[in-house]
Structure formats: C-alpha cells, structure tokens
Amino acid sequence: MEGYGYFISEIFSRLTNQYPQHEFIFLFDRPYHESFVFATNVIPVVVTPKARHALSFRWWYDVKVPLALKKYKADVFVSPDGFCSLTTKVPQVLVVHDLAFLHYPQFIPKPHLFYYKRYTPRYLRKANIVATVSEFSKHDIIKQYNTKSEKVINVSSAARDIFQPIEWHEKELMKDKYADGCEYFVFVGGIHPRKNLLNLLKAFSLFKVRQHTSIKLVIIGRMAWHYKDMLEKLETYKFRKEIKLTGYLKETEVVKVVAGAYALIFPSFFEGFGVPPLEAMKCRVPVIAANTSSLPEVCGDAALYANPADPADIAEQLKMIFKSEQLRGELQSKGDEQVKKFSWNNSASLMWSAIEAAVSK
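Read on for a plain summary of the structure. Keep in mind the model is a prediction, meaning the values are calculated, not measured. (Residues numbered from 1 in each chain as written. Predicted model: local features only at pLDDT ≥ 70, side-chain atom pairs only at ≥ 80, totals over all residues. Heavy atoms only, no water.)

### Examining the pattern of salt bridges
Two side chains bearing opposite charge may form a pair once their charged atoms approach each other closely. Evaluation of the coordinates by the stated rule reveals 19 salt bridges. A salt bridge links D180 to K244; its shortest N-O distance comes to 2.9 Å. Remark: K244 occurs in strand β9 (residues 243-247) and D180 occurs in the loop between α6 (168-178) and β7 (184-188); sequence separation between them is 64 residues. For D180, a relative accessible area of 51% corresponds to the exposed category. One salt bridge in this structure joins K340 and E337, with 3.3 Å as the shortest N-O distance. (Salt bridge = Lys/Arg side-chain N within 4 Å of Asp/Glu carboxyl O. Helix = DSSP H or I, 4+ residues; strand = E, 2+ residues; numbered from the N terminus. Buried < 20%, exposed > 50% of the residue type's maximum accessible area, 1.4 Å probe, protein only.)

### Topic: the nonpolar core
Ranked by internal contacts, the top residues of the largest apolar core, which has 82 residues, are L15, V93, F185, V186, V257 and M351. Looking at which element gives the most residues to this core, the answer is helix α14 (residues 344-360), with seven residues. Setting aside its immediate chain neighbours within four residues, V186 contacts V218, I220, V257, V258, A261, A263, L264 and I265. (Core = buried A, V, L, I, M, F, W, Y, C linked by side-chain atoms within 4.5 Å. Contact = heavy atoms within 4.5 Å.)

### Notes on the packing of aromatic side chains
Per the stated rule, a full pass over the model turns up 30 aromatic pairs. Arranged with centres 6.0 Å apart and planes meeting at 70 degrees, the rings of F7 and W344 form a pair that is edge-to-face. Taken as a pair, F7 in helix α1 (residues 3-18) and W344 in helix α14 lie far apart in primary sequence, 337 residues in all. Comparing F7 with W344, the two get one shared label, buried. Taken together, the ring pairs in this structure connect F57, W60, Y61, F83, F101, Y115, Y116, Y119 and Y123 into an aromatic cluster. (Phe/Tyr/Trp six-rings, centres within 6.5 Å; stacked < 30°, edge-to-face > 60°.)

### Regarding the sheet that holds strand β3 (residues 77-79)
Reading across the sheet, the four strands line up as β3-β4-β5-β6 and stay open at both edges, with parallel pairing between neighbours. Pairing within the sheet leaves two strands with one partner each, and these edge strands are β3 and β6 (152-154). Within this sheet the neighbouring strands show an average axis-to-axis angle of 20 degrees, counted without direction. Note: β3 against strand β4 (residues 92-95), three bridges, orientation parallel. Within β4, the residue paired with V78 across the bridge is V93. Contacting β3, β4, β5 (129-132) and β6, α14 crosses the sheet at an angle of about 140 degrees to β4. (Pairing = 2+ DSSP bridges. Axes fitted to C-alpha atoms, helices over the stretch in contact; angles between N-to-C directions.)

In structure tokens:
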C-alpha cells in the first residue's frame, strides 16, 4: 500500500470496530487480502472489472457500484479515491486528497489528466459531503470549484503507529545495509516528477561538493510514472555511487530505514498532506521539507524549509542540518510536539461525522 491505501486502512479499521452495530460493505475491484476485512461486520464484495483506466472508471462507478449499493441496501457510499458515482441516488462522501492535477498538470499521465479535469467538478457537485486531509486542500477545493465551505470537511491524516525510534545498534545495521556503513539522508515516496527528485539530486550534488562528506542519499519508493528521465540523469550523475535506490520496501523495513536516517528530505512540489515528514518526526528524525502546499501546515515549526524549485536552497538546508547537532536536537524536540497534533483516532472520528452529515442530507 501507499498513501491512499494506508489512509483507507487506518480510518476504516477503526470505524468498523468502533461501530459494530453497523454493517460495512467493502467494494473491491479485484481479489482482496483477508487482512482488509477488519471485523465481523464487514461484508467484502468484489465488483468487476478492475477500475484502472478512464473507461473502466466510468463503468465501475456509474454502472457496477450503483448495482452493488442497491443490492446491499446501502445508506451511504464513501468513495476514498477521488471518484464517485454520478448515477446512484445513495448519499455519498467523496474523499479528495488534493488537486495536484490542476496545479501541476505536466506531472500527470495525459489520460488521467483528461479524466480528472472533466469529472472532478461533477463529482464535487454530486457528493453530499467532500472529505479532504488538510486545511490547504479544503480551501483549494472551495476556491478552485466554488464549493460551499460547509460541504467540505478536513478529516486530516496522521503518522502510523508503527513508526517509532530505533536503538543505536539498529541504526548501525541500516547504515551497513543501505549506505555502505555511512550516515544517510532519506527520501520516501513514489518516484514521479511531482516528488521533485531531479532537484533533490542537484541539491545533494551541491552539498557533496561543498561539504566533502561520506554521507549518502537513500531513496525509498516504487517507480510510479515519468521516472525514466530521472534514472537516465542518474546514470550520468557525478555522485551516483552515493545514491541508493531501494525500490519498494515492506512497511517494517521502511520504518527502520527512516528511523536510522540522519534526516528526511521531502522536497515535493505539491502535497495534499504529506505523511512521510510526520512519520520521520515520530521516529525522532529531523525533517527538511518544501515550503509549498500543505507541508508548512503539517510540519509547523518542526522542520527546515526550502524552495523546491531552487536546488541551492535545498542544499543550504542540507548543510545547516548536517553541521549543527544543536539544530538537529531542536528539530527533534519540536517534532515530538508536532506529531501530537495529528492522530488516526481523531481522523476516524471526523470521517464518521462526515458520513453522518451525508446521510442527514
């Protein structure tokens, strides 16, 4: 799983257990793992075909989903992937994490971009309640689509409980396994243009030239889309041996790699929430984040910030955090307080309020 999947799992594992008097019908578009059936009041249903391209999106949401909702006499439909049904009369909660496709259309595959631009305004009008994950995204939805403010609820996101600090010897194991025994910066996220890895590589190069240190850069994440340009440039990169691409890792391993890092770097151009910085703070790892979109809201005063379009600025923040143990300690202490502002229990409670609001309408 990645961002959307973890959001769904954290929210609905709580709701299904907190409200045993209600039935939850989970609609899957493919065979599912039993671990996603969180409680005995969950009815798992596979609705084919797989919804993975524009035509199948329409068929799945506007034909197959309404049939399933009717069959199981659903009182409300929660759609956590940014799409909803335009044909059902069942009240709907639409979850929209962000509007990245409007702000950075060049980073979205063209078939998906066309679909998002054409149907997102229709979905926002159709939904009874729109749930999102930050005040930034809430105001963006209201502004971009003239959506009534009372219709949009910020349910927020949070760091998973599995993220915790690790012992010194475990940190040494992570250095040996992923960074040739050296300290390392870490990035976590899918490999695609919006995550801004090209500028991160440029910034790391400037940092290495100026600091003459053995510190590495570890990049955790699957190859998502439009990633070939980054891989091609990496082949010609002077410090390519200092960059470690792990690919997709198991959740338990991601925790250890993040917790063992010198700092987490998150220079993304645009985020609806941005969970990795918060998860790093939960591991007492300092954070450098982009000064854009929702990230200042999520990280507060517990991070250093850089202009994601300016590699020199990112490099300067790398230098600051590398040269000052006092600064690292201050960020760790502030991070301890920042993560307390977000919890999955609170997010689940807010999502239930959104569901109740949709039904009441």
